[in-house]
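Summary of the model geometry
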Amino acid sequence: MTDTQRAPLPMFVAGEWVLGSGPTIRTINPADGSYIADISTATKIEIDAAVASAKAAVRSAGWRQMKAHHRAAFLYRMSELIEQDSERLARVQMNDNGKTLAECRRQIASAAGTFRYYAAACETREGSLPARRSDAVAMAIAEPIGVVAAITPWNSPTTLEAQKLAPILAAGNAVVLKPSEVTPLMALEYARIGEKAGLPKGVLNVVVGTGAVGGVLVEHPDVNMVSFTGGSATGSKIAAACGALLKPVLLELGGKSPNIVFADADMRAALAGVSEGIFSGAGQSCVAGSRIFVEKSIYKEFVSSLVEIAKNYRIGLPHHETTQLGPLVNFEHRDKVAAYVELGRQEGGRVLVGGGIPTNPDLSHGAYFEPTLLEGLSPKARVCQEEIFGPVGVILPFESEDELIALANDSEFGLAAGLWTSDYKRAWRVGERLDAGTVWLNTYKDLSISTPFGGYKKSGLGQEKGLQGLDMYSRTKSLHWALDKPNLS
Ligand code: NAD
């Protein structure tokens, strides 16, 4: 490794690539432990500079009052730039967080689609003309909120950052993005893409750093809104800080989603949906179907087939086309996941498959963990209640619909749920009663930028995606125009 390679990467602040004044952090490829890059981090100095330039950008007529179709043109360009460089970008995320190349390619395509969707939404958005109740005509128009701080986690930077940046910019705001310190590379790529697309100076800033840097950003007096995706404990701290400052906050948080199989389900589809629901992305997904509920009459048969699938899951290097399960994001996280499996054993669970580190010598330098299924646990066990964020599912039997609903809703989370049945009336009935922001019927992890997404209970506050995702980053102003003499009664 040469010194040039080890020179830290700069951040993007006020339209310039700058070295931050904080300590350098290092990113390592979790597939093989190899060095990727050192990255400079921010302190208050760079945060102040980023927020000041964002504030200036959002106050200037150049961005805030730009006609929506002109603003949309920047987003269309960003979408094209993502598509043109898609293979390299997919590999940037793969190397940074260990997701399989196939998943990273899908996520890059989805990110390009996200910028296109919000470009179209922005230029076709209309205000409203409420019914007249006086001799004035009123109109309600959407305005930007101002400077938005976007804080993101490490599990899917490509999509999670796109689904913040695109609607924030489409709504006419400026943004300071702080990615996870574990996976900062994609955010730096977005800064480069924004720069290439010609975004005015200060409209998009990226500062790198740990949670402490995020905390400074949240409390900054010139940050008008915080949009956060990450763990519920962090979300709660951010909400408290925003509450004290009366600052709007959007929270997309953790989950412990139930994936439910009724005896009348199409078994092949359910087995595929349940196994992918927990093992895809190595279970590092906010919507992972980590609580698997199976109707008692088919429990034995379904579980033994699921165990077979898990045994044959292809764990491997993420760039291999055949790999289904890559590494976890780093060794520290793998230790956490392993500790949860050990806790599951102590809580009386039986490990049906997996539960350890793969023995394949090709994988010995990476942070791999086997696909794991546990049964025999109380629904109140910590492994059935807490988010593990790894390829670890707990399986629980149920007998009746009412019992199932009570068990499925017995969680502090409410992000998503899956339901497998051939009885459409039951699908509707149960789907309605589940406490979750997203319910999938005979499918799982079917996500789209045009559909609102958000959590119930401790899984979040507000919604991203869809047209609602644009509204979240807007304020409504009502304008009243007198048609006759002023109505001042
Ligand atoms: P995390 O909460 O540890 O960190 C998320 C981000 O917050 C990081 O950028 C981190 O540096 C920053 N941060 C930490 N403390 C902070 C503070 N006090 N103030 C401001 N910023 C702070 O989460 P993680 O481990 O990176 O990500 C995993 C979590 O994200 C899981 O719980 C997962 O379910 C959740 N997640 C949710 C969604 C969703 O859409 N609901 C999507 C993906 C991931």
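Residues numbered from 1 in each chain as written. Predicted model: local features only at pLDDT ≥ 70, side-chain atom pairs only at ≥ 80, totals over all residues. Heavy atoms only, no water.

Describing the overall build of the chain
When helices and strands are counted, the chain shows 17 helices and 21 strands. Against the globule reference of 23 Å for 489 residues, the chain gives a C-alpha radius of gyration of 24 Å, in line with a compact fold. Here the C-alpha coordinates of the chain stretch approximately 75 × 65 × 40 Å along the principal axes. Classification of the 489 residues of the chain by burial places 55% in the buried group. Considering only intrachain contacts with a sequence separation of at least 6, the fraction spanning at least 24 residues in the chain is 73%. Summed over all atoms, the accessible surface of the chain reaches about 20600 Å², with 54% contributed by carbon and sulfur. For the chain, the centre of its 49 positive side-chain charges and the centre of its 52 negative side-chain charges are spaced 4 Å apart. (Helix = DSSP H or I, 4+ residues; strand = E, 2+ residues; numbered from the N terminus. Rg over C-alpha atoms; globule rule 2.2 N^0.38 Å. Buried < 20%, exposed > 50% of the residue type's maximum accessible area, 1.4 Å probe, protein only. Contact = heavy atoms within 4.5 Å. Areas by Shrake-Rupley, 256 points an atom, 1.4 Å probe, with all protein chains shown as cover. Lys, Arg positive; Asp, Glu negative; His and termini not counted. Charge placed at Lys NZ, Arg CZ, Asp CG, Glu CD.)

Concerning the packing of aromatic side chains
The tally for this structure, following the rule as stated, stands at 8 aromatic pairs. Where Trp154 meets Phe389, the ring centres are 5.3 Å apart and the plane angle is 75°; that geometry is what we call edge-to-face. Pair noted here: Trp154 is in the loop between β6 (147-151) and α7 (157-170) and Phe389 is in the loop between α14 (382-385) and β15 (392-398), with a separation of 235 residues, a long-range link. An identical accessibility class is assigned to Trp154 and Phe389; each is buried. Taken together, a centroid distance of 4.7 Å and an interplanar angle of 55° make the contact between Trp440 and Tyr444 tilted. (Phe/Tyr/Trp six-rings, centres within 6.5 Å; stacked < 30°, edge-to-face > 60°.)

Things to note about the pattern of salt bridges
Counted by the stated rule, this structure contains 28 salt bridges. Taken together, the salt bridges that share partners define one network made up of Asp85, Arg88, Glu189 and Arg192. (Salt bridge = Lys/Arg side-chain N within 4 Å of Asp/Glu carboxyl O.)

Points about the site of the ligand
Around the ligand, 28 residues are found, and the nearest of them are Thr152, Glu181, Thr234, Leu253 and Glu387. Between the ligand and Lys178 there is a distance of 2.9 Å, counted from an oxygen atom to a side-chain nitrogen or oxygen. In this structure, an oxygen atom belonging to the ligand sits 2.9 Å away from a main-chain N or O atom of Gly231. In isolation the ligand has 860 Å² of accessible area, and contact with the protein removes 86% of it. For the shell around the ligand, the elements supplying multiple residues, two or more each, are α9 (211-219), β9 (225-229) and α10 (232-245). (Near = heavy atom within 4 Å. Polar contact = N/O pair within 3.5 Å; in protein donor to acceptor, adjacent residues only side chain to side chain.)

Quick notes on helix α16 (residues 424-433)
Among all positions in α16, only Arg426, Ala427, Val430 and Gly431 are buried. Down the axis of α16, the buried side of the element spans an arc of 125°, and every buried residue falls inside it. Structural note: α16 exposes Lys425, Trp428 and Glu432 on the side pointing more than 90 degrees away from its buried face. Check the buried side of α16 and you find it contacts α15 (401-409), β17 (416-420) and β18 (438-441). The N-cap of α16, judged by a side-chain oxygen 3.0 Å from the amide nitrogen of Lys425 a few residues on, is Asp423. (Arc of directions from axis to C-beta.)

Considering unusual backbone geometry
Even without glycine at this site, Ala282 takes up a positive phi of about 55°. You can see Ala282 is positioned in the loop between α11 (267-279) and β12 (291-295). Residues other than glycine seldom take positive phi values, yet Asn442 does so here, at roughly 55°. Turning to its location among the elements, Asn442 is positioned in the loop between β18 and β19 (456-457).

Concerning the domain arrangement of the chain
Here the chain is partitioned into domain 1 (3-253 + 459-477) and domain 2 (258-441). At the interface, 20 residues of domain 1 touch 24 residues of domain 2. Contact with domain 2 buries area across many residues of domain 1, yet Ala31, Trp154 and Ser459 alone supply 29% of it, more than any other trio. Counting every contact that joins domain 1 to domain 2 gives 1 salt bridge. (Domains from an automatic or database assignment. Buried area = accessible area lost by both parts, 1.4 Å probe.)

Thoughts on the nonpolar core
Met78, Phe115, Leu169, Tyr190, Val206, Val207 and Val226 are the most contacted members of the largest nonpolar core, which totals 83 residues. The leading source of residues in this core is helix α6 (residues 101-124), at 10 residues. With sequence-adjacent residues up to four places away left out, Leu169 is seen in contact with Trp63, Arg71, Leu75, Met78, Val175, Leu199, Val203 and Leu204. Among the nonpolar cores identified, the runner-up in size contains 58 residues, and Val261, Ala310, Val394 and Phe398 belong to it. (Core = buried A, V, L, I, M, F, W, Y, C linked by side-chain atoms within 4.5 Å.)

A short note on the environment of Ile82
By secondary structure assignment, the location of Ile82 is in helix α4 (residues 68-84). The class of Ile82 is buried, set by a relative accessible area of 1%. It is 10.0 Å that separates the C-alpha atoms of Ile82 and Ser110, two residues lying 28 residues apart in sequence. The residues contacting Ile82, other than those within four sequence positions of it, are Leu89, Ile108, Ala111, Ala112, Phe115, Tyr190 and Ile193.

Details of the pairing of strand β7 (residues 174-178)
For a regular strand, the rule is simple: side chains alternate between the two faces of the sheet. Across the 5 residues of β7, 5 count as buried, placing the element largely inside the fold. Residue alternation in β7 divides its side chains into two sets, Ala174, Val176 and Lys178 and Val175 and Leu177, and both sets are buried. Relative to strand β8 (residues 204-206), β7 runs parallel, the two sharing 3 bridges. What sits directly across from Val176, in β8, is Asn205. (Pairing = 2+ DSSP bridges.)

Section: the sheet that holds strand β13 (residues 350-353)
Two pairing modes exist for strands in a sheet, parallel and antiparallel, and in both the strands are linked by backbone hydrogen bonds. Here we have 7 strands laid out as an open sheet, ordered β13-β14-β15-β12-β11-β17-β18, and mixed in their pairing. This sheet does not close on itself; its edge strands, each paired only once, are β13 and β18. Strand-to-strand twist of the sheet, defined as the mean angle between neighbouring strand axes without regard to direction, takes the value 25°. Pairing of strand β14 (residues 372-375) with β15, which is carried by 4 bridges, proceeds in the parallel orientation. Bridging across to β15, Leu374 finds its partner in Val394. With respect to the sheet, α15 is in contact with β11 (258-261), β12 and β15, its orientation differing from that of β12 by roughly 175°. (Axes fitted to C-alpha atoms, helices over the stretch in contact; angles between N-to-C directions.)

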